[in-house]
Amino acid sequence: MKRCVVSRLPLRVPYRAGEPGHGLLARLAARHEEADIGSFAADRSLSFDRVALGHDLDTLAFIAGLPAEPLYLVSPQIDAAARTVRLGNEVVRLSDWSPRGRRWCPRCLHEDLRWAVDFGHRIDTATFHRFWWDVKVIGNCPLHGGPLEENCSECGGSVAWRGQPIHLCACGRSLASSQDHETRCDCPDDLYLVARLTGTHHPPVPLLDHIPLKDAICGIERLGLAILKPWSGPKPVVTKTEAKAARMEGMRVALAWETPFLAALDRLVAEARAREAPRGMIGTYGWIYEHWVSTLPDDTFGTQIKAVLHQHAIANGVVAKGESLLGQQGVSDVINITHAARAMGISYKRMRHTLDRAGLLPRGARRGVAAPLSVSRVSEIKAAYERTIGMGGLRCLLGLGKTQTRRIVGAGLVKAKAGGPNEIDAGRFPLNEARDFVARVRQGGPQRCSIPARAATLPSACRSVGIRVEVALGLILDGRISPIGVLDGSVGVSGVLIYPADLRRATDRETSLTVEAAARELGIHHEVARFLVARRYLPVLADGTRRGIDPVGLRRFRTKHMSGVEVARALGTSPRHLAPKLLAAGIKPVIGPPECRQLFFDRRLAEDGVTRLRNEHQ
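Here the structure is a predicted model, which means the values were calculated and not measured. (Residues numbered from 1 in each chain as written. Predicted model: local features only at pLDDT ≥ 70, side-chain atom pairs only at ≥ 80, totals over all residues. Heavy atoms only, no water.)

Asks: Honestly, the sheet that holds strand E3 (residues 90-93) in this entry has me stumped. Any pointers?
Replies: Pairing between sheet strands relies on hydrogen bonds along the backbone, with the strands arranged either parallel or antiparallel. The sheet built from 3 strands is open, its strands ordered E1-E2-E3 with antiparallel pairing. Every interior strand has two partners, whereas the edge strands, strand E1 (77-79) and E3, have only one. Taking the axes of each pair of neighbouring strands and ignoring which way they run, one obtains an average angle of 25 degrees across the sheet. In terms of strand pairing, strand E2 (residues 84-87) meets E3 through 4 bridges, oriented antiparallel. Paired with Leu-87 across the two strands is Glu-90, which belongs to E3. Strands E2 and E3 of the sheet are contacted by helix H8 (residues 213-228), whose axis makes an angle of about 50 degrees with E3. (Pairing = 2+ DSSP bridges. Helix = DSSP H or I, 4+ residues; strand = E, 2+ residues; numbered from the N terminus. Axes fitted to C-alpha atoms, helices over the stretch in contact; angles between N-to-C directions. Contact = heavy atoms within 4.5 Å.)

Asks: What is the right way to look at helix H9 (residues 240-255) in this model?
Replies: Since the α-helix turns once every 3.6 residues, residues separated by three or four places project in the same direction. With 16 residues, H9 ought to run about 22 Å at 1.5 Å a step, and its terminal C-alpha atoms sit 23 Å apart, in line with that. Residues of H9 that are buried: Ala-243, Lys-244, Ala-246, Arg-247, Met-248, Gly-250, Met-251, Val-253 and Ala-254. Structurally, H9 contributes buried residues whose contacts are with helix H7 (188-198), H8 and helix H10 (259-274). (Expected span 1.5 Å × (residues − 1). Buried < 20%, exposed > 50% of the residue type's maximum accessible area, 1.4 Å probe, protein only.)

Asks: What's the story with the pattern of salt bridges in this structure? I'm lost.
Replies: Side-chain pairs of opposite charge can arise where the charged atoms are in close proximity. Tallying each qualifying case throughout the model produces 26 salt bridges. Where Arg-196 meets Glu-90, a salt bridge forms, and the shortest distance between an N and an O atom there is 3.0 Å. Remark: Glu-90 occurs in strand E3 and Arg-196 occurs in helix H7; sequence separation between them is 106 residues. For Arg-196, a relative accessible area of 10% gives the class buried. Look at Glu-90 and you get buried, because its relative accessible area is 12%. One salt bridge in this structure joins Arg-130 and Asp-112, with 2.6 Å as the shortest N-O distance. (Salt bridge = Lys/Arg side-chain N within 4 Å of Asp/Glu carboxyl O.)

Asks: For this particular structure, what's the right way to read the packing of aromatic side chains?
Replies: For any pair of aromatic rings, the description consists of the separation of the ring centres together with the inter-plane angle of the planes. Inspection of every chain in the model, using the stated rule, returns 8 aromatic pairs. Plain terms: the ring middles of Phe-557 and Phe-600 are 5.6 Å apart, the flat faces sit at 65 degrees to each other, and that makes the pair edge-to-face. One end of the pair, Phe-557, is in helix H25 (residues 551-560); the other, Phe-600, is in strand E15 (residues 600-602), with 43 residues separating them in the sequence. In terms of burial, Phe-557 and Phe-600 fall into one category: buried. By the ring-pair criterion, three or more aromatic residues cluster together here, those being Trp-287, Trp-292 and Phe-301. Taking the ring centre of Phe-128 as reference, the NZ or CZ of Arg-130 above it sits at 4.0 Å. (Phe/Tyr/Trp six-rings, centres within 6.5 Å; stacked < 30°, edge-to-face > 60°. Lys NZ or Arg CZ within 6 Å of the ring centre and 35° of its normal.)

Asks: It is not clear to me how the side chain of Arg-428 should be interpreted in this structure. Could you clarify?
Replies: Within the secondary structure layout, Arg-428 lies in the loop between helix H18 (402-410) and strand E7 (429-430). According to the relative accessible area criterion, Arg-428 is buried, its value standing at 7%. Separated by 2.8 Å, the side chains of Arg-428 and Thr-388 make a polar contact. Dropping the residues within four chain positions of it, Arg-428 is found in contact with Arg-350, Arg-357, Tyr-385, Thr-388, Ile-389, Gly-390, Ala-416 and Lys-417. (Polar contact = N/O pair within 3.5 Å; in protein donor to acceptor, adjacent residues only side chain to side chain.)

These results come straight from atomic positions and should not be treated as a statement about function.
As structure tokens, then:
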């Protein structure tokens, strides 16, 4: 195979600072008046595409008679695995750079031509390509404020790389212009990016200066989207124009850090509350938290963004103070509600209710996220709970039901601890006082292994006489009734033994009947009597000391109604066969199954039916 001998070019061009290898190769082809830049490169053992990708720069520098170091500084070094390209000391994403389509600034080309005229250089090689024109995220020239052009103003086509002067299109139209762009654009993002790429001075931006340029480009775009776009779950899909506007806005935010970002976060919180979004970071901040901030590395940029978002979430009650989030460590001496409930031996629901009632639930605590609690504060709650009992504990201590316990508390026999709404043990009962109350009720009576004749336990005696338990307990504490003993193995006041007759005499009331007594009067089962009371067929008397059935109402009920047992007895038949006979006679019960287990008839109609059936039988 014939080997090509590389020699220096007879015609050369001076190197211009900031010109990449493919730009130099294009000027060399124009100097030698070869329109086909590919053939020009091939004749010198080069490939334009390889030079554009940063290869064969030593050979290019040799034939041009120039040092290779400046070319290496501004020509690309591609890392295909990382999808990045190095330009000088900076790294950008490979997707943000491309030498394929030419871009240029008309004013920059015009200044190159003026420079050639002023200093006597050749016009055809005076204009040169700047390496940062290949960075696609730079949309405007920071020196002149105009957009970087991509198409010829004459023919409207794109301009390819050819062996002709840089400032000329294939149609012959000059790409240079001395006119300022009609709308000069103030683009702080382009100014910052070009300054970073060229190594020139720029105002300090602490949020971006210490991270790679590829991350800075992505960061300012995300910042801009957070400012410009409303709340969204997925990251917004934007056009090229919208992305450019987002980078411009993001750069302004970075220069004025942190105020504009906080204002945007305030807007998101207001929008979330207006639409009643689910509580939490995602429900409040959407993609900003889930798809951006939570994925940031812990570098200078990521740390500052995370810290601001975390503090904003705490200040607005989105998360609890001390909660570990976004790399921000919470308070070390904390436990969550689950561990606190286990330490106190109560359920999670009860623990959360207790904390909420006492105002100790951290602001921003929400379902599915651990709410941090101080260990010392939990210890105080536990100590307070050990000194007091709730309504359930009091019920167990008294040995009575819920309703009876509530009535005892309502009567003031056992008093709850007073305190403000933020007191841990407010509304609970001091354990010592509750135990002292039980001891005072049980004292004076001997222990008994069985219930004596005509005696009953306190709850049974109250039911028999029709007096509420709290009234009987008050009589015992006042000394008007003396217990005759305490049943062995009983709990609280439920095993206190008294005589129902003593209780009846102490109340001095005979105007009402118990359910059992009313049932005996009517000749029915006591459950049927309770049904009649519940359905208000039998009126009830309640005067604060006792509660029973009104005897007058009972007599009125007997006058109006006739039980099935009474009808069967009058006919001399079984109650089971009574209903068919009366139904055949056209008499229907007014009270009966399925609501009531016994039959009741209208007394007048039943008596007439009994008379007819007797006459028919005779």
